[in-house]
Amino acid sequence: MLGFGAVRLRTDMNRLLSLLFHQGVLDEQFLQLQQLQDQTSPNFVSEVVTIYFHESEKQLRNLRNLLLDREMWDYCKLGIHLNQLMGSSSSIGAKRVRNICAAFRAAVDQNNRPACMRALEVLEHEYCYLKNKLHELFQIEQERVLGDTVRYPGAVNQQ
């Protein structure tokens, strides 16, 4: 993807990021994470986010299992898992996921099981949206990086 292809991909990335910020999906913490990426660690952001997704899926599974246990509801454990998910979401700039965790935490603090179930559904939906959009962003970035590194004899790179 030389020349205009690289420009198009960069534009696509910027549009997607702008959309995610405008929707409140991401916040400035994500930009700070991006600033830590450089030539010595070109995949830093995607690696950190991949770890976040792996750990978050464990937390979501734990939350669902705790909520589905009809015999014993452990609000303390729910709070612990939510705090972990909220903290890690905050650290990568996942603003809406973090905010939903806070609302979920309020339902836990009130021992409100129906509100907790609704909050979990919203949280899972929002998490999937975040994961899909960041995956899309990283795919565009990979295409752009590959396009930047491919050189053809006689071709002019017009970035």
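Owing to the predicted nature of the structure, the values given are computational and were not obtained by experimental measurement.

### With respect to the overall build of the protein
Now for step 1: Counting secondary structure elements, the protein contains six helices and zero strands.
Now for step 2: Ordered by position from the N terminus, the helices and strands of the protein form the series α-α-α-α-α-α.
Now for step 3: For the protein, the proportion of its 159 residues judged to be buried stands at 37%.
Now for step 4: Pairs at least 24 residues apart make up 68% of the contacts formed inside the protein by residues separated by at least 6 positions.
Now for step 5: Counting only carbon and sulfur atoms, one obtains 54% of the accessible surface of the protein, whose full area is about 9400 Å².

### Looking at the layout of surface pockets
Now for step 1: Taken as a whole, the largest pocket holds about 430 Å³ of empty space.
Now for step 2: Where the lining of the largest pocket is concerned, the elements lending two or more residues are α3 (44-68) and α6 (113-149).
Now for step 3: The dominant element in the lining of the largest pocket, judged by the number of residues it contributes, is α6, at seven residues.
Now for step 4: Grouping the amino acids of the lining of the largest pocket by side-chain chemistry returns five nonpolar, eight polar and three charged.
Now for step 5: A volume near 180 Å³ is recorded for the second largest pocket.
Now for step 6: What lines the second largest pocket is simply Arg10, Met13, Asn14, Leu17, Phe30, Gln34, Gln37, Val45, Leu137, Phe138, Glu141 and Arg144.

### Examining the environment of Arg105
Now for step 1: Tracing the sequence through the fold places Arg105 in helix α5 (residues 95-109).
Now for step 2: Since its relative accessible area comes to 23%, Arg105 is described here as partly exposed.
Now for step 3: Arg105 sits 26 residues away from Gly79 along the chain, and the two C-alpha atoms are 6.3 Å apart.
Now for step 4: Excluding residues within four positions of it along the chain, Arg105 makes contact with Gly79, Ile80, Leu82 and Asn83.
Now for step 5: Within the structure, the side chain of Arg105 is placed 3.1 Å from the backbone oxygen of Gly79, a separation counted as a polar contact.

### A look at the confidence of the model for the protein
For any part of a model where pLDDT is low, the fine detail of the predicted coordinates should not be relied upon.
Now for step 1: Overall, the prediction assigns the protein a mean pLDDT of 89, with 89% of residues at 70 or greater.
Now for step 2: Of all secondary-structure elements in the protein, the lowest mean pLDDT belongs to helix α1 (residues 4-22), at 89, while α5 reaches the highest, 97.

The rules behind these values
- Residues numbered from 1 in each chain as written.
- Predicted model: local features only at pLDDT ≥ 70, side-chain atom pairs only at ≥ 80, totals over all residues.
- Heavy atoms only, no water.
- Helix = DSSP H or I, 4+ residues; strand = E, 2+ residues; numbered from the N terminus.
- Buried < 20%, exposed > 50% of the residue type's maximum accessible area, 1.4 Å probe, protein only.
- Contact = heavy atoms within 4.5 Å.
- Areas by Shrake-Rupley, 256 points an atom, 1.4 Å probe, with all protein chains shown as cover.
- 1 Å grid on protein atoms, 1.4 Å probe; cavity = no way out; pocket = protein on both sides within 12 Å on 5 of 7 lines; lining within 4 Å.
- Points joined across faces, edges and corners; volume = space filled by probe spheres on them.
- Nonpolar A, V, L, I, M, F, W, Y, C, P; charged D, E, K, R; others polar.
- Polar contact = N/O pair within 3.5 Å; in protein donor to acceptor, adjacent residues only side chain to side chain.
- pLDDT = per-residue confidence, 0-100.

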